[in-house]
Amino acid sequence: MTDDSRPGRPVMLGQNQYGKAENRVVKITRDGATHHIKDLNVSVALSGDMDEVHYSGSNANVLPTDTTKNTVYAFAKEHGIESAEQFGIHLARHFVTSQEPIKTARIRIEEYTWERIEASDANSRFIGADEVKHSFVRKGQETRVTQITYDGSSWEVISGLKDLVVMNSTNSEFWGYVKDKYTTLPEAYDRILATQVAARWRFNWSDDERKMPHWGKSYEQTRKHMLQAFAETYSLSLQQTLYQMGSRIINNRSEIDEVRFSLPNKHHFLVDLEPFGLKNDNEVYFAADRPYGLIEATVLRDGCEAKIPVDLTNL
């Protein structure tokens, strides 16, 4: 056994960061009787001149994590929340420019979307029209995400989504694959293709001299092109569909240079109904939650370098 703490074998501090994770902030904007909701989960990670706090415990360069939490809530009031990206940019700029020891700030945000509850005409006569303007329901399972990193001179913005479940009930095949003595999967010429999309895309905006993208419009359009590609691709493999989804985004959104997908194949297997004297004509399926095929890949604009981490687990 090697003792790395003995004289002659110094122990060195590697990469380090700190901050307050998962600050849940809900901002209500009241436009008269009509209300608007922004619901975020904000995580702050700061790094820089922090060696001494690790070596001796001196907090001279440490901005308390409680202060970073308070800043999130104060900024929701002072700056509002136009978009997750814009809010993260405000925070990252503040931490790097206001605290000399802090050299880099990374802000990760999840956004949970709400939509208005439509009241019936009959009900609104009794409860008043104002009621329908401030009642909401959480929208689906999809979560919008973004990560903003700032080092005082350049920006990196990676946005995306997770838990977006999609399905094609036809126009998907899977055949012609390698077979060995352990292969039992029958070839499929008409199958269900379903997945739970986790996607991240990197913007080419990196400095304040360039025009900033319209974050909200970019998200909606990127999501639209991704879904349209999924729906319109006659799929011979989930890999092919993934590439078409990424290509559609790159070709239509000039502000994005890189897209990475992690697509679990949500398998649907035909149920054998023969024991009951019934024919299953691609109608009844067993939806298996695990194990599942996991297809992951990056799609890049020609000439660009891949920068989105391969492992999206913590992104």
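Scroll up for the structure.
Reference entry: report on the structure contained in this document. (Residues numbered from 1 in each chain as written. Predicted model: local features only at pLDDT ≥ 70, side-chain atom pairs only at ≥ 80, totals over all residues. Heavy atoms only, no water.)

The subject of this paragraph is the overall build of the chain. Helix and strand counts for the chain come out as 6 helices and 12 strands. When each of the 315 residues of the chain is scored for burial, the buried share is 38%. For the chain, the share of sequence-separated contacts (at least 6 apart) that also reach a separation of at least 24 residues comes to 66%. As presented, the chain carries roughly 18200 Å² of accessible surface, and 49% of it is formed by carbon and sulfur atoms. (Helix = DSSP H or I, 4+ residues; strand = E, 2+ residues; numbered from the N terminus. Buried < 20%, exposed > 50% of the residue type's maximum accessible area, 1.4 Å probe, protein only. Contact = heavy atoms within 4.5 Å. Areas by Shrake-Rupley, 256 points an atom, 1.4 Å probe, with all protein chains shown as cover.)

With that settled, consider the packing of helix H5 (residues 215–232) against helix H6 (residues 238–252). Between two packed helices, the angle of one axis relative to the other and the distance separating the axes together describe the packing. Two elements in contact, H5 and H6, have axes separated by 8 Å at closest approach and are oriented at 140°. It follows that H5 is oblique to H6 by the angle criterion. Every pair of crossing elements has a handedness; the one defined by H5 and H6 is right-handed. Contacts between H5 and H6 pair Thr 222, His 225, Met 226, Gln 228, Ala 229, Phe 230 and Glu 232 from the former with Thr 241, Gln 244, Met 245, Arg 248, Ile 249 and Asn 252 from the latter. Looking at the contact of H5 with H6 residue by residue, the class counts come to 5 nonpolar, 6 polar and 2 charged. (Axes fitted to C-alpha atoms, helices over the stretch in contact; angles between N-to-C directions. Parallel < 35°, antiparallel > 145°, perpendicular 65-115°, else oblique. Left-handed = near helix turned anticlockwise from the far one by under 90°. Nonpolar A, V, L, I, M, F, W, Y, C, P; charged D, E, K, R; others polar.)

For the rest of this paragraph, the subject is the nonpolar core. Val 42, Phe 87, Ile 107, Val 197, Met 226 and Phe 261 are the most contacted members of the largest nonpolar core, which has 52 residues in total. Take this core: its biggest share by element is 7 residues, from helix H3 (residues 84–98). Excluding anything up to four places from it in sequence, Ile 107 contacts Val 42, Ser 43, Val 44, Gly 88, Leu 91, Ala 92, Phe 95, Thr 146, Gln 147 and Ile 148. (Core = buried A, V, L, I, M, F, W, Y, C linked by side-chain atoms within 4.5 Å.)

The N-to-C vectors of helix H2 (residues 65–78) and H3 enclose an angle of 130°; their axes lie 11 Å apart at closest approach. On the basis of their axis angle, the class for H2 and H3 is oblique. H3 is crossed by H2, and the crossing has right-handed handedness. Two secondary-structure elements touch here, H2 through Thr 68, Thr 71, Val 72, Phe 75 and Ala 76 and H3 through Phe 87, His 90, Leu 91, His 94 and Phe 95.

Let us now look at the pattern of salt bridges. Applying the stated criterion across every chain, the model contains 15 salt bridges. A salt bridge links Glu 100 to Lys 103, with the nearest nitrogen and oxygen atoms 3.1 Å apart. Note on Glu 100: relative accessible area 58%, which makes it exposed. For the salt bridge of Glu 258 with Arg 202, the shortest nitrogen-to-oxygen distance reads 2.7 Å. One end of the pair, Glu 258, is in strand E9 (residues 256–265); the other, Arg 202, is in strand E8 (residues 193–203), with 56 residues separating them in the sequence. Judged on exposure class, the residue Glu 258 and its partner Arg 202 are both buried. (Salt bridge = Lys/Arg side-chain N within 4 Å of Asp/Glu carboxyl O.)

Geometry only, nothing functional implied.
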